[in-house]
Amino acid sequence: TVQAISGASADELERLTDKARELGRSSAFSATEVGQAMEYMGMAGWKTGQMLAGIEGVLNLAAASGEDLATVSDIVTDDLTAFHMEAEETARMVDVMAQAARSSNTNVQMMGETFKYAGTVAGAMGYQIEDMAIAAGLMASSGIKASNAGTALRNIITRMTKPTKESAEAMAALGLSLEREDGTMHSFLEIMEQMRKGMSGMTETQKAYYAASLGGQRGMAGLLAIANSTDQQFGSLTDAIYNAEGAARQMAEIRLDNLDGDVEIFRDALADAGRELSQNMNGSLRGLVQMGTGIVNSAAARIPKAVQKISAEFPTLQRKFKKFAQPVFSG
């Protein structure tokens, strides 16, 4: 299936197969599951080299989160596209998502849902995955998660990029700007810092007013979650996400370092052993199945003639049966 989707050559397919077998032996996933993850990469337009470079990062994130591998692969490939990131940046993406999941009240699947709604808009503005993960994490810790967080972020960005009268007045009052004096774009982290600074010292009523004006009804709660987080919460999450390198691998190793992890790896090893046996017997089994198909087809071809013969002989058989049955039943 991976070959059909990605257009891999025979040599490339062999490399992908070898990689799937290798990871099936060394990870908590079977070679078949690795292949299913590669399917989503192929659907995202990834070529063989990109799959080989990115697959281990996806495995680490799935193992770290406990999520289904194919689902995680789908999330990661979609988000890389949304943020205009290359397949070679998969490790960065998975580390940020893993770190956000363990540093705030969210998980990988909910992060994927958040970025499904906000990722494309954020990517179009050139905002980094790290800054959007900080915003999503702050919102999640205030109970605004998944699609709700994504909708809030999308509304905030959209209403700043194309301001309404209300949002323009709010931006002016809070001292918010998308660009520096030299025309370069502020990062979303800098914009969040501007929001927090602009709302510091305000009453809760004032904060709510400007949050509603800037974020609209759907973005208001998310904006308040960013503004109302403490300096310690904001700084701690920012530091964690900007120092996320290796987080997915580390979390995966911790999660699997127990009896449940050993059993999971053993189960997948058994599955791969069965697959290897099947693969080695593939030629013989295909010949056997094809021979069986030929026998069935041959038998099926004779059925019409057999039916015709029985139909032609039926009157004779009926007379013979009556001749035999009449004295038996009458006696």
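Residues numbered from 1 in each chain as written. Predicted model: local features only at pLDDT ≥ 70, side-chain atom pairs only at ≥ 80, totals over all residues. Heavy atoms only, no water.

Visitor: Now, about the nonpolar core: what can you tell me, with residues and values included?
Guide: Membership of the largest hydrophobic core comes to 84 residues, with the highest contact counts inside it found for Phe83, Tyr127, Met132, Met139, Met160, Phe188 and Leu214. For this core, the element with the most residues is helix H4 (residues 48–65), which contributes nine residues. The contact partners of Phe83, leaving out residues within four places of it in the chain, are Met93, Phe115, Gly119, Ala122, Gly123, Tyr127, Gln128, Ile129 and Met132. (Core = buried A, V, L, I, M, F, W, Y, C linked by side-chain atoms within 4.5 Å. Buried < 20%, exposed > 50% of the residue type's maximum accessible area, 1.4 Å probe, protein only. Helix = DSSP H or I, 4+ residues; strand = E, 2+ residues; numbered from the N terminus. Contact = heavy atoms within 4.5 Å.)

Visitor: Break down the environment of Ile254 for me, citing the residues and quoting the values.
Guide: Positionally, Ile254 belongs in helix H14 (residues 247–256). Residue classification places Ile254 among the exposed positions, given a relative accessible area of 57%. When the C-alpha atoms of Ile254 and Ala64 are compared, they prove to be 8.0 Å apart, with 190 residues separating the residues in sequence.

Visitor: Lay out the environment of Thr120 with the relevant residues and their values.
Guide: With respect to the helices, strands and loops of the structure, Thr120 is situated in helix H7 (residues 108–124). Sequence spacing of Thr120 and Leu80 is 40 residues, and the spatial spacing of their C-alpha atoms is 9.9 Å. Contacts of Thr120, omitting those with residues within four sequence positions, involve Ala82 and Phe115.

Visitor: Tell me what's going on with H4, and back it up with residues and numbers.
Guide: For H4, which comprises 18 residues, the first-to-last C-alpha distance of 26 Å matches the rise-based estimate of 26 Å (1.5 Å per residue) to within 8%. Maximal helix bending in H4 amounts to about 35°, located at Gly54. Most of H4 sits out of view: 13 of its 18 residues are buried. Following H4 by one or two positions, Gly66 adopts a phi angle in the positive range, close to 80°. (Expected span 1.5 Å × (residues − 1). Bend = angle between axes of the 7 residues up to and from the residue.)

Visitor: So what about the pattern of salt bridges? Which residues, and what values?
Guide: What the rule picks out here adds up to 10 salt bridges. Here Glu22 and Lys19 are joined by a salt bridge, their closest N and O atoms 3.8 Å apart. Taken as a pair, Glu22 and Lys19 lie in helix H2 (residues 10–26) at a separation of three residues, close to a single helical turn. Residue Glu22 is classed as partly exposed on the basis of its relative accessible area of 38%. (Salt bridge = Lys/Arg side-chain N within 4 Å of Asp/Glu carboxyl O.)

Visitor: Outline the packing of aromatic side chains, supporting the account with residue identities and numerical values.
Guide: Considering all chains together, one arrives at three aromatic pairs under this definition. Ring geometry for Tyr127 and Phe188: centres 5.3 Å apart, planes at 50°, overall tilted. Of this pair, Tyr127 sits in the loop between H7 and helix H8 (129–140) while Phe188 sits in helix H11 (residues 188–199); the two residues are 61 residues apart in sequence, bridging distant segments of the chain. Aromatic side chains Tyr209 and Tyr210 sit 5.2 Å apart centroid to centroid with 75° between the ring planes, which places their arrangement in the edge-to-face category. Overall, Tyr209 belongs to the exposed group, its relative accessible area being 52%. You can call Tyr210 partly exposed: its relative accessible area is 21%. One cation-aromatic arrangement involves Arg196 over Phe234; the distance from NZ or CZ to the ring centre is 4.4 Å. (Phe/Tyr/Trp six-rings, centres within 6.5 Å; stacked < 30°, edge-to-face > 60°. Lys NZ or Arg CZ within 6 Å of the ring centre and 35° of its normal.)

Visitor: Please set out the packing of H7 against helix H9 (residues 146–161) residue by residue, giving values where relevant.
Guide: The N-to-C vectors of H7 and H9 enclose an angle of 15°; their axes lie 7 Å apart at closest approach. For the element pair H7 / H9, the angle class is roughly parallel. Where H7 crosses over H9, the handedness of that crossing is right-handed. Between H7 and H9, the residues in contact are Met110, Glu113, Thr114, Tyr117, Ala118, Val121 and Ala122 and Ala146, Ser147, Ala149, Gly150, Thr151, Leu153, Arg154, Ile157 and Thr158, respectively. (Axes fitted to C-alpha atoms, helices over the stretch in contact; angles between N-to-C directions. Parallel < 35°, antiparallel > 145°, perpendicular 65-115°, else oblique. Left-handed = near helix turned anticlockwise from the far one by under 90°.)

Visitor: Lay out the environment of Thr230 with the relevant residues and their values.
Guide: The topology assignment puts Thr230 in the loop between helix H12 (204–228) and helix H13 (231–242). For Thr230 and Arg196, which are 34 residues apart along the polypeptide, the C-alpha to C-alpha distance reads 9.7 Å.

Visitor: Go over a nonpolar patch on the surface, please, and point to the residues and values.
Guide: On the surface, a cluster of nonpolar side chains totalling about 320 Å² of accessible area is made up of Leu288, Met291 and Ile295. Of the residues examined, Ile295 reaches a relative accessible area of 55% and is grouped as exposed. (Patch = residues over 30% accessible without salt bridge, like charges linked within 9 Å, V, L, I, M, F, W, Y side chains within 5 Å. Areas by Shrake-Rupley, 256 points an atom, 1.4 Å probe, with all protein chains shown as cover.)

Visitor: Go over H12, please, and point to the residues and values.
Guide: For H12, built from 25 residues, the straight-helix expectation of 36 Å at 1.5 Å per residue is missed by more than 12%, its first-to-last C-alpha distance being only 9 Å. Gly216 marks where H12 bends most, by close to 125°.

Visitor: Could you give an account of unusual backbone geometry, with specific residues and numbers?
Guide: In this structure, His84 is a non-glycine residue whose phi angle is positive, near 60°. Residue His84 is classed as exposed on the basis of its relative accessible area of 58%.

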